[in-house]
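Chain by chain, the residues run as shown.
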Amino acid sequence: MAMVNIKIEGISYQVEEGLTILEAAKKCGYEIPSLCAFNHGECNQGSCRVCLVEATGARGLVASCVYPVAEGMEITISSPKATAARRNSVELLLSNHNKNCQQCDKNGKCELLNVAYLTGAREDAYEGVHSETHFDEVAPGIVRDTSKCILCGRCIERCKNAHGLGILGFENRGFSTFVSPAENRSFADSPCIQCGQCVNVCPTGALMEHSEIDKIDAAFAAGKVVIAQAAPAVRAALGEEFGFPIGTPVTGKMAAAMRRLGFTRVYDVNFGADLTIMEEGTELLNRLQNGGTLPMITSCSPGWVNYAEYNYGDLLPHLSSCKSPHQMQGAIIKSYWAEQNGVNPEDIFVVSVMPCTAKKYERQREQLKVNGLDDVDAVITTRELARMIKRSGILFDRLPDEDWDQDIMGDYTGAGVIFGVTGGVMEAALRTVYFKLTGKESEPIEFKAVRGHDAGIREASLDINGTTVNVAIASGMKSASVLLDEIREGKSKYQFIEIMGCPGGCINGGGQPYVRECFLPHESDDIMDTYKEKRAQALYSEDERQTLRQSHKNPQIVDLYEKFLGEPNSHKAHELLHTTYEAREGFNEVK
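Residues numbered from 1 in each chain as written. Predicted model: local features only at pLDDT ≥ 70, side-chain atom pairs only at ≥ 80, totals over all residues. Heavy atoms only, no water.

Draft legend 1. The arrangement of the side chain of K148 in detail. As for its position among the elements, K148 is in the loop between β7 (142–145) and α4 (154–163). Buried and unpaired, K148 has D145 as its nearest opposite-charge partner, separated by 4.1 Å. Residues within four places of K148 in sequence aside, it is in contact with H97, N98, N100, C104, T204, G205 and A206. (Helix = DSSP H or I, 4+ residues; strand = E, 2+ residues; numbered from the N terminus. Buried < 20%, exposed > 50% of the residue type's maximum accessible area, 1.4 Å probe, protein only. Lys, Arg positive; Asp, Glu negative; His and termini not counted. Salt bridge = Lys/Arg side-chain N within 4 Å of Asp/Glu carboxyl O. Contact = heavy atoms within 4.5 Å.)

Draft legend 2. Region of the structure containing the sheet that holds strand β3 (residues 52–55). Spatial strand order, β2-β1-β5-β3-β4: five strands in an open sheet with mixed pairing. A strand with exactly one partner marks an edge of an open sheet, and here the two such strands are β2 (11–16) and β4 (62–63). In this structure, β3 lies alongside β4, joined through two bridges in antiparallel fashion. Each residue of the ladder has a partner; that of L52, found in β4, is A63. Relative to β3, helix α2 (residues 80–95) is tilted by about 155°, and along the sheet it contacts β3 and β5 (74–76). (Pairing = 2+ DSSP bridges. Axes fitted to C-alpha atoms, helices over the stretch in contact; angles between N-to-C directions.)

Draft legend 3. A look at the pairing of β7. Side-chain alternation along β7 places I142 and R144 on one buried face and V143 and D145 on a second face that is also buried. Inspection of the sheet shows strand β6 (residues 135–136) paired to β7 by two bridges, in the antiparallel sense. Residue F135 lies in a different strand from β7, and its bridge partner there is D145. Between β6 and the antiparallel strand that follows it, β7, lie five residues. The pairing of β7 with strand β10 (residues 207–209) spans three bridges and is antiparallel. Looking at the pairing, R144 lines up with L207 of β10.

Taken by themselves, the reported measurements are silent on function.
What follows is the structure, given as structure tokens:
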């Protein structure tokens, strides 16, 4: 890599050619106030003008986030001219911003407030007419409030970069510009997959998850039997909300906190993940051995299912008919658990704690009802669980490590834990499929060829007792579409494909804690590049600590089949644990 010589505040440095001034300054020990989260992959084209600096060779002040360094460039960050310009830019943003900060769910994690503090911006420096507000709370997963939008464009770019979609865009021009789905439609009336990646990168509260905490409060008040269950990826990130380093697993403290919030039972969705593997692994074997539709594609990610129904309706027979783990577990709670505990299913209120905003949509799908009842009654994100803990005055870091409730569905295996990372569902399934085909456990137990935390496509070929199984893994719809187009064209060589909606898998879900350098002073400078890896390692390390690491070895799963379900893919299992799909309006027909 070629190097260039520059000066910052009169001090000489050598930096890589091609870096922006913002990036180069960071490497040299300066953090220019900005609304750019370093290395998040989304570009705002310098539209907010917050990171202005002086640089030789430029005409006037330049936006350091997009202006490249050059040989001999001299950069001034702290001159009165640059300092005043940055403050003025923020004050202009504040002049058109809804400043009801106390009522905003982004309070404490708002990048606009942070940069206002850094630049010394005054909130009332400019007063005038505000642009028209557009508010959308119709969709189950995401709320849009343009009164808090600063038109940075991050959400637009994240949708394109992660999924190859253009759900969001700029509408109108000039002072009337706002961000929305096409024609200012609701997210509910657009082919949005509800993944929440746009929420993850929004610097303000313009995009937020649709909170369901009020539904839980109402259920407690109504005297319901309120049961909570948490997904594996939650334990890998919840600690970040309470000052723990990224990648710190907080399983025991999470169970303790949920118990203190008053839930009747607290369960780990890893049990549901083990159950999913039993059903999905059996379904794959049946397809392999009986000429079923191949490749079979996993169905755990509701964002991916949404995408398939909107864009690849002709390929829906390839999806596994299995419900996702938390939906399966909810169905068991309202059937077997209710029966064993003498509770009317209508009196049970199941709460799922998920890393995902799309799960809020998923729980409302008509295809997932059993006997007219939803499997799950409310879904809250990792962030929402943190808010519930904080408002209750629980000191999370002082909690003891407690176990999940152990009756009926307390056990889980390492295979269930790794569901939260891309490749994890595939690996968990292969551990059981290998046993079903060979009658013995795989050695080594890990299938590391399918591991990796980054978005993209990974593939592997496995010889299992003379049967070659070609598999592929993709996360993010931009990557998934490549595999799906191959299937459409009859060119796919795979028997089994895992697809997750969010890049990196559930560890990077749209409901996980925000990762921003400005709010993580104790993390290393490369945290924006490594946070997914750290969260993934939290799950892999828990898998390694488990005595049982294959789903078919979970004694409570074995017991459930013996006493209630019969066998995997039985008639009763299909009634409770499987679902159907349908192509939706906007389906992209084959041309």
